Amino acid sequence: MDGLCDRYLEIDLTERTFREGLIEGERLRKYLGGKGVGLSLLVEQDASENPLDPGNPIIFVTGPLTGTPIQTSARSALVTRSPLTGNFLDSHAGGHFGPALRRSGWDYVSIRGASETPVYLVISPDGVELCDAAALWGKDAFETERALRDRHKGSRVACIGQAGENLVRFAAICTELYRHYGRGGAGAVMGSKKLKAVVVTGREKIGYHDEEVFRRLAGKLTADLRDHPMAKKRYELGTMMWIRMGQEIGHFLPTRNFQAGQFDRYEGITSEAMLGELNWTHRGCYGCSIRCSKFAKWNGKELEGPEYETAAFLGSGCEIGDARDVATANWLCDRYGLDTISTGVTISFAMECAERGLLSPEENERIRFGSAEAVHALIEEIAFRRGIGDLLAEGTRRASEEIGGGSGYFAIQTAGMELSGVNPLGCYSMGLALVTSDFASHTRLWTATDEMMGKLTLEALPRYIKAGQDEINARNSLIVCDFLPFGLDRLVPFLNAATGFDYTEGEVMEAGERIQTLSRLYNLSTGRTHADDTLPPRFFEETSFAGLMKGERIPREFLERQIHEIFALRGWDGEGRPTRETMDRLGIDMG
């Protein structure tokens, strides 16, 4: 366990107290760190009746590789109960906050209760200080982070903007100005606790079981990464390379609220367009040579981005084909603290509602596909819950229930989470992966490349998805970035050199399987049922235009059969409930 500082900090905002302790070795062995450890803590600590009450903990957690010399070690996880879905949420951020949290001397920080007045926390090796945040409440995320980093020199900050204060159900937690714990509404959980920010500071040394071996492995991996073709492509084009690939090769670029997989004005939002219009320069996270992030300057604004998902859902999804318009939408989301994916999908849903005449006459006229003015206005209205923004701030599931008129047909969500990644009408495997994940996000498993390249068959999908989800769970617990193009055969030796646990690849995969099963048990306990394990109606009623289902409608019964195959592979029953035998095999005790 030498690779972990093994210390935790638990803070009660109601009582204004904190306690520290050492993480149990058995928990680390079974759940690795990051997502896994955070989930195991959430299961034990969650005392909430709903995600916005004081009983819901918000847990910042690192992994055994966070802040170490391995490439892409910048990432950390945020675990809580999602206000958007009511279920499990883990959200990850790069930049510098995760390594700074480890240098502050803590592997995880759990925050419970709620303050009566706005506060922020300063976390250091000595513990925590609760500070008055009345003067920061009402400020945007940019103003907040800059003020706190100026006040606390050498620190790193995670904070919320007005969207979190106003309990928007997909509010993000912002760090490094332009990076986020984005999905699922963790910013609203902070807002419900009157917690404006978390500041971390310290210079504690990260320990290793065998530092010499770890550094030798890191040197070899760095050299191999330097020559890897995918790393070079991400450096050149960033994640935005998927706009062109999704349009020209995959035919799954989310367009017009998932009505299409190609956008006739896509050239205006490609990497090449962004490079020219936004004056991109390369930027990377802590300790990463890939440098896939792009720093933009235009019209007096600055931004890291846009990323692919942002351009897909605030761009082609809303039929916005101008790089600067998309970048401005991204900048507004960053400023107010909104998840760009859910924001984009929710706005494109509203646009289709308007097109079908389901809103007020004024909104039907104003909220039109292709209107950048409408997109920018709606972002602000959502963040401040003004006008129709108050309803859209609830997310597409709740908004469609209120709007009615058959809008549930095109509310693109599963179990309350807006879908991300690609249009399943052009990539069936992503649809199956989304509905069988702990929540519907491309960060659970990205299958689009393999389906686009013709490497998948329908028959092989259940085993492929089950194994892929388990591996991603493990990687999200170590924690390394999705963009590190090496498998567990390269990562497990790092884990062993850091911790001294002597894992095998099979044991790490089993940890990933354990995490998937525990998250399912938690989700079932917080209201998810097998009825939620499905795609929006649009994807069954409209013809697929690419991928494994090209030229066909996705048969409900076929999707259900493949879901049941994945359940069976996991040792879950027909309703997706893990069996007692499976829980015993994986060493899971829900109390």
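Bear in mind the structure is a predicted one, so any value in this text is a computation, not a measurement.

A. How the structure looks around the overall build of the protein chain. When helices and strands are tallied, the protein chain shows 25 helices and 17 strands. At 22 Å, the protein chain has a C-alpha radius of gyration in line with the 25 Å of a compact globule built from 591 residues. With the C-alpha coordinates of the protein chain rotated into their principal frame, the extents come out at 60 × 55 × 50 Å. Put simply, the protein chain has 591 residues, and 64% of those count as buried. Sequence-distant contacts, at least 24 apart, represent 69% of the contacts inside the protein chain between residues at least 6 apart.

B. Quick peek at the pairing of strand S6 (residues 108–112). The element S6 is largely enclosed, with a buried count of four among its five residues. Examined bridge by bridge, strand S1 (residues 7–12) and S6 share five bridges and lie parallel to one another. Counted as the bridge partner of Leu9 is Val109 from S6. Pairing between strand S3 (residues 58–61) and S6: four bridges, direction antiparallel. Counted as the bridge partner of Ile59 is Ser110 from S6.

C. View of unusual backbone geometry. The step from Gly305 to Pro306 runs through a cis peptide bond, and the omega angle for that step is -5°. Within the fold, Pro306 resides in the loop between strand S15 (301–304) and helix H11 (308–314). Here Leu478 and Ile479 are connected by a cis peptide whose omega angle stands at -5°. Position of Ile479 relative to the elements: it lies in the loop between helix H20 (461–478) and helix H21 (488–499). At Thr72, a position not held by glycine, the phi torsion is positive, near 70°. Thr72 sits in the buried class, given a relative accessible area of 3%. Located in the positive-phi region is His251, a residue other than glycine, with phi close to 55°. Structurally, the position occupied by His251 is in the loop between helix H9 (241–250) and helix H10 (271–278).

D. Summary view of the nonpolar core. Counting residues in hydrophobic clusters, the biggest one holds 127 residues, and the most contacted among them are Phe60, Ile111, Ile173 and Ile379. If near-sequence neighbours (up to four positions away) are discounted, Ile173 is found in contact with Ile58, Phe60, Leu78, Ala158, Cys159, Ile160, Arg179, His180, Tyr181, Ala186, Gly187 and Met190. Formed by 51 residues, the second largest nonpolar core is a distinct cluster that contains Ala231, Leu484, Phe501 and Met583.

E. Just the pattern of salt bridges, in detail. Under the defined criterion, the tally for this structure stands at 50 salt bridges. With a shortest N-O distance of 3.0 Å, Glu44 and Arg27 are connected by a salt bridge. With Glu44 in helix H2 (residues 34–45) and Arg27 in helix H1 (residues 25–31), the pair connects residues that are 17 residues apart, well separated along the chain. Between Arg398 and Glu394 there is a salt bridge; the shortest N-O distance is 4.0 Å. For Arg398, a relative accessible area of 25% translates into the label partly exposed. In the salt-bridge network here, residues are joined through shared partners; they are Arg169, Arg385, Asp390, Glu394 and Arg398.

F. Structural view of the sheet that holds strand S14 (residues 293–298). If you trace the three strands from one edge of the open sheet to the other, you get S13-S14-S15, paired in antiparallel fashion. Strands at the two margins of the open sheet, each flanked by one partner only, are strand S13 (281–283) and S15. For this sheet, the mean angle separating the axes of adjacent strands, direction not counted, is 25°. Relative to S15, S14 is paired through four bridges, and the arrangement is antiparallel. Bridging from a neighbouring strand, Lys297 pairs with Glu302 of S15. Each of S14 and S15 touches helix H12 (residues 323–336); the most contacted strand, S15, lies at about 80° to it.

G. View of helix H4 (residues 141–151). Of the residues making up H4, those classed as buried are Ala141, Phe142, Thr144, Glu145 and Leu148. Each buried residue of H4 lies within a common arc of 165° when the element is viewed along its axis, so the set occupies one face. The backbone nitrogen of Phe142 lies 3.0 Å from a side-chain oxygen of the residue at the head of H4, namely Asp140.

H. Structural detail: empty space enclosed by the protein. Inspection of the entire model under this criterion finds three cavities of 30 Å³ or more. The space that makes up the largest cavity amounts to roughly 70 Å³. Per-element tally for the lining of the largest cavity: the top contributor is helix H22 (residues 505–525), with four residues. Grouping the amino acids of the lining of the largest cavity by side-chain chemistry returns three nonpolar, five polar and four charged. Taken together, 11 residues line the second largest cavity, and the ones lying closest to its centre are Leu28, Gly33, Val61, Thr62 and Asp107. Considered class by class, the residues forming the lining of the second largest cavity number seven nonpolar, three polar and one charged.

I. Main features of the layout of surface pockets. Volume-wise, the second largest pocket comes out at about 260 Å³. Lining the second largest pocket are 13 residues; nearest its centre among them are Arg27, Lys30, Tyr31, Glu44 and Asp589. Breaking the lining of the second largest pocket down by element, the ones donating at least two residues are H1 and H2. Residues of the lining of the second largest pocket, tallied by class, amount to five nonpolar, two polar and six charged.

Parameters and conventions
- Residues numbered from 1 in each chain as written.
- Predicted model: local features only at pLDDT ≥ 70, side-chain atom pairs only at ≥ 80, totals over all residues.
- Heavy atoms only, no water.
- Helix = DSSP H or I, 4+ residues; strand = E, 2+ residues; numbered from the N terminus.
- Rg over C-alpha atoms; globule rule 2.2 N^0.38 Å.
- Buried < 20%, exposed > 50% of the residue type's maximum accessible area, 1.4 Å probe, protein only.
- Contact = heavy atoms within 4.5 Å.
- Pairing = 2+ DSSP bridges.
- Core = buried A, V, L, I, M, F, W, Y, C linked by side-chain atoms within 4.5 Å.
- Salt bridge = Lys/Arg side-chain N within 4 Å of Asp/Glu carboxyl O.
- Axes fitted to C-alpha atoms, helices over the stretch in contact; angles between N-to-C directions.
- Arc of directions from axis to C-beta.
- Polar contact = N/O pair within 3.5 Å; in protein donor to acceptor, adjacent residues only side chain to side chain.
- 1 Å grid on protein atoms, 1.4 Å probe; cavity = no way out; pocket = protein on both sides within 12 Å on 5 of 7 lines; lining within 4 Å.
- Points joined across faces, edges and corners; volume = space filled by probe spheres on them.
- Nonpolar A, V, L, I, M, F, W, Y, C, P; charged D, E, K, R; others polar.

That's the geometry; what it means functionally is another story.
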